[in-house]
Every structure is written in structure tokens, then in C-alpha cells.
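Notes for the structure review
Below are the chains, spelled out letter by letter.
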Amino acid sequence: MLDIIKNSLKMGMVLLVICVIAAAALAQVYSVTSVIIKKNDEEAEKKKRQVVLPQAARFEEKDIEGRKYIIGYDAEDKMVGGIFKAAPKGYGGPINITAGVAPDNSVTAVVITKLDQTETPGLGTNITKPKFLDQYKGKKGNDLKLKKDNGTIDAITAATISSRAVANGVKNGWEQYIKDTGEKR
């Protein structure tokens, strides 16, 4: 009976040592990869900003009413537009949208990358394609809604939930941006 207890304690100690070594190794890998992941996220964010406001030479983050916006300025320090983010719930989860707004309040561009969404492959993922996203350029107000909802945006066939989520996210984000930035731009 004493041998069984000794063997159990010995196995428990060996397992504890293995777990501690594995946890330390995992922590080390995390500390190295988290820096790389953060750098890649920052680079992806810079690319999105340049896509939605290509004429901007620099960007400045602004906090208005507890919401974060990014304002773009050209080389002469003239404001060329603003950027808002939205994350409506799509069919497969949240869809992270980055959109630009020109000084005339029209949408300059909308960006959704493959990593910004978890929609159904082959159907809902079509929200990331230019054919869908380019429809938003130059539009504002109710034009930002789907045609099915009395707007001008064509939904993706068999992906109405994803299409509507993007349209509502862009429209609601645009409305909030206009409301928040009004005279403060």
C-alpha cells in the first residue's frame, strides 16, 4: 500500500515538472510571437488607412464622445477625410469594417479583409471582394442600405445576412461619424 502511494506521488511530481516546463516554453513562445503579431496588426491597420484615405499623408486619432476616429491630413496639413470602424454581427460572427469619409461626407472606401470576418467560405466571404465593397464609394445616407431595404447596394446572392450586416454597419457607422464630427472636424 505504501509503494502505491509513493509511486503515485512520484508520478504526480514528474507530471508537475513536465507541466511547469511546458508552461514556461509556452510563455516564451507567446512573448516572442506577441511582438510579431502586434507589429503585423499595426502594418495591416496602416494599409487599411491608406486604402480608405489614399490622399492622406498623415493620420491623427481623435476621441469624440468616447468613440475613436482617425482623421487624415494631406501634405499641406489640410483635412482630407476621416475613418470610422464598425463591427456588426454577421452570419458567422462580428465583421470588422474600416471605412473612410470624404470632406463632403461621402464614403471614400470600405475595407474588410479575410481576417476581419468569419463568414461562410465561398458565400459570406464575398463581402471582402471589391465587387461588393466598391458599391459604397461616393455614397452617403440611405444610399448605404441594401436595395432590398430601399438603398442602392446589391446584396451578395445567398449571403443576405452578411451583406445586410455590412450595409447596416457602414450606414450606422457613417451616421455616428457625421453626428460626432459635425463641426469638430
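Conventions adopted
Residues numbered from 1 in each chain as written. Predicted model: local features only at pLDDT ≥ 70, side-chain atom pairs only at ≥ 80, totals over all residues. Heavy atoms only, no water. Helix = DSSP H or I, 4+ residues; strand = E, 2+ residues; numbered from the N terminus. Buried < 20%, exposed > 50% of the residue type's maximum accessible area, 1.4 Å probe, protein only. Expected span 1.5 Å × (residues − 1). Bend = angle between axes of the 7 residues up to and from the residue. Contact = heavy atoms within 4.5 Å. Phe/Tyr/Trp six-rings, centres within 6.5 Å; stacked < 30°, edge-to-face > 60°. Pairing = 2+ DSSP bridges. Axes fitted to C-alpha atoms, helices over the stretch in contact; angles between N-to-C directions.

Overview of the environment of Ala44
Mapped onto the elements of the fold, Ala44 is located in helix α1 (residues 2-52). Note: C-alpha distance between Ala44 and Thr113 (69 residues apart in sequence) is 9.4 Å.

Overview of unusual backbone geometry
For Glu65, which is not glycine, the phi torsion reads 55° and is therefore positive. Positionally, Glu65 belongs in the loop between β1 (58-64) and β2 (67-73). Relative accessible area serves as the criterion here: at 58%, Glu65 is assigned to the exposed category. Even without glycine at this site, Asp77 takes up a positive phi of about 70°. Summarising the element assignment, Asp77 is placed in the loop between β2 and β3 (79-86).

Remarks on α1
Relative to the 75 Å expected for 51 residues at 1.5 Å per residue, α1 spans 72 Å between its end C-alpha atoms, a close match to the ideal helical length. Along its length, α1 shows its largest kink, about 25°, at Thr33. Every buried residue belonging to α1 is among Glu45, Lys48, Arg49 and Val52, and all of these are buried. Here the buried face of α1 lies against β1, β2, β3, β4 (97-101) and β5 (107-111).

Examining the packing of aromatic side chains
Taken as a whole, this structure holds 3 aromatic pairs when the rule is applied. Relative to Tyr177, the ring of Tyr69 has its centre 5.3 Å away and its plane inclined at 75°; by these criteria the two rings are edge-to-face. Taken as a pair, Tyr69 in strand β2 and Tyr177 in helix α3 (residues 160-181) lie far apart in primary sequence, 108 residues in all. For the ring pair Phe84 and Tyr177, a centre distance of 6.3 Å and an interplane angle of 35° mean the geometry is tilted. Here the residue Phe84 occupies a position in strand β3, and Tyr177 occupies one in helix α3, the gap between them amounting to 93 residues. Aromatic rings pair up to connect Tyr69, Phe84 and Tyr177 into one cluster.

Overview of the pairing of β5
Every other side chain in a regular strand lies on the same face of the sheet, so the side chains alternate between the two faces. In terms of residue burial, β5 counts as a mostly covered element, since 5 of its 5 residues are buried. Across 4 bridges, β4 lies against β5 in antiparallel orientation. Along β5, the bridge assignment pairs Val101 with Val107. Hairpin remark: β4 followed by β5, antiparallel, with 5 residues in the connecting loop; positive phi at Asn105, about 75°.

Focus on the environment of Ile127
Within the element layout of this structure, Ile127 appears in the loop between β5 and α2 (130-133). The sequence separation of Ile127 and Val111 amounts to 16 residues, and the corresponding C-alpha distance is 9.4 Å. Discounting chain neighbours no more than four positions away, the residues touching Ile127 are Ile95, Ile112, Gln117, Glu119, Phe132, Leu133, Ile156, Ser162, Ser163 and Val166.

Regarding the sheet that holds β1
Taken in spatial order, the 5 strands of this open sheet run β1-β2-β3-β4-β5, and their pairing is antiparallel. In this open sheet, the two strands that pair with only one neighbour each are β1 and β5. Across the sheet, the mean angle from the axis of one strand to that of its neighbour is 25°, orientation sign disregarded. Examined bridge by bridge, β2 and β3 share 4 bridges and lie antiparallel to one another. Opposite Ile70, over in β3, you have Ile83 as the bridge partner.

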